[in-house]
Amino acid sequence: MKHLLTTAFLCGASVLAMQAQNIVITDKDGVQHKFNADYVQEITFEKVQSGNDTEMVFQNVFVTTYGNQNISLTFSNEEDMVVLDLWQPAAFFLQEGTYKGNDSNDDFTLDPTYSKVAIDGNESRISDGTLTITRDGELYSFVGEVTYPDGTLKFTCEDTLNTFGPIINFNLSGCAYLDVNDPAANGFYYRFNDSDWNLEMDIDLFSDGNAPAPGVYTFEDTKENGTASSYVHVYKPFNEVTKFVSGTVTISVEGADTVVEIDGTLGVGVQLKAKYSGQLPEKK
């Protein structure tokens, strides 16, 4: 706890000597307070408890999602931690804005019921708080203030997100060739997945030849050479079926491997980047 000592000028002087005089006290803001000494019986010093007002810079933030509106953020250092339960407008990544303490679960609210602080090993529920979120690309900045039984904590944090950011990245490990109805003569049909099966993605490439020609393919609703189409099922961080509405697929060759690099915007508004390196199955 911080303890502030009230100040008084003229300490040590006898009250009798101050009769018919004024006592002037200047506070910390430079404002003077004047008292007639005739009405002062005794001058004493008191210890005043001002509360535990703490400031911290957290190094890490960890995101846990409960759907696409309810998000838990855990800010942490080696010993201290703040957990905040946020509600945002329905979206597929963490939204910028100012979240205010409220248990209504409305958009841009911070629910104190499921929020807490742990400082110096002492854990407490918060009674109120605010959190302002801004971002620059994938880098998020957080400025928060929470009230708990022992005082107030002000904190900042700057970090990328472990999940639920505006860009999701996948290393693709599996690729299978798909049987499709009425395949285009210039069509190549692949299904990719990552090792944890957080994603299954169908990528159709349109090119002359026995294999997709190296180059850049653009997502479009045609089957012309140099274009691509897609069907994307993202299981995590959200369970959603969508497709690329813009972006590219780049095909290159490295030794015996074909490298497939995908970078585009999904219909849910999230940018997805993925890379596969290996053998592409032969066309059926």
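Structure: see above.
Given the structure is predicted, the values throughout are model-derived calculations rather than measurements.

Criteria and thresholds
- Residues numbered from 1 in each chain as written.
- Predicted model: local features only at pLDDT ≥ 70, side-chain atom pairs only at ≥ 80, totals over all residues.
- Heavy atoms only, no water.
- Helix = DSSP H or I, 4+ residues; strand = E, 2+ residues; numbered from the N terminus.
- Buried < 20%, exposed > 50% of the residue type's maximum accessible area, 1.4 Å probe, protein only.
- Phe/Tyr/Trp six-rings, centres within 6.5 Å; stacked < 30°, edge-to-face > 60°.
- Lys NZ or Arg CZ within 6 Å of the ring centre and 35° of its normal.
- Contact = heavy atoms within 4.5 Å.
- Core = buried A, V, L, I, M, F, W, Y, C linked by side-chain atoms within 4.5 Å.
- Pairing = 2+ DSSP bridges.

Points about unusual backbone geometry
A cis amide bond links K236 to the next residue, P237, at an omega of 10°. Mapped onto the elements of the fold, P237 is located in the loop between β19 (227–234) and β20 (240–242). The residue F108 is not glycine, and still its phi comes out positive at about 60°. Among the structural elements, F108 can be located in the loop between β9 (97–101) and β10 (109–119). Judged by its relative accessible area of 29%, F108 falls in the partly exposed class. With a phi angle near 55°, W197 is a residue other than glycine that sits in the positive phi range. The exposure class of W197 is partly exposed, given its relative accessible area of 48%.

Considering the packing of aromatic side chains
This model, assessed by the stated rule, comprises 12 aromatic pairs. Both rings, one in F219 and one in F244, keep their centres 4.5 Å apart while their planes meet at 10°; by these two values the pair is stacked. Within this pair, whereas F219 is found in strand β18 (residues 215–219), its partner F244 is found in strand β21 (residues 244–254), the two being separated by 25 residues in sequence. One exposure class covers both F219 and F244, and it is buried. Taken together through their ring pairs, the aromatic side chains of F58, F75, Y140, F142 and F155 make up a single cluster. Seen from the ring of F188, K283 lies directly overhead, with NZ or CZ sitting 4.5 Å from the centre.

Quick look at the environment of D208
Considering the arrangement of structural elements, one finds D208 in the loop between β17 (199–206) and β18. The class of D208 is exposed, set by a relative accessible area of 53%. Residues D208 and N225, 17 residues apart in the sequence, show an inter-C-alpha distance of 6.9 Å. The residues contacting D208, other than those within four sequence positions of it, are N186 and N225.

Notes on the nonpolar core
Residues L73, F75 and F142 are the most contacted members of the largest nonpolar core, which totals 63 residues. Setting aside its immediate chain neighbours within four residues, L73 contacts V61, F62, V63, V82, V83, L84, L86, L94, L131, I133 and F142.

Quick word on the pairing of strand β7 (residues 70–76)
Across the 7 residues that make up β7, a large majority, 6, are buried. In terms of strand pairing, strand β6 (residues 60–66) meets β7 through 7 bridges, oriented antiparallel. Paired with V63 across the strands is L73, a residue of β7. In sequence, β6 turns back onto β7 through a hairpin of 3 residues, with G67 there showing a positive phi of about 90°. With 7 bridges connecting them, β7 and strand β8 (residues 81–87) associate as antiparallel partners. Opposite I71, over in β8, you have L86 as the bridge partner. The turn joining β7 and β8, which pair antiparallel and follow one another in sequence, is formed by 4 residues.

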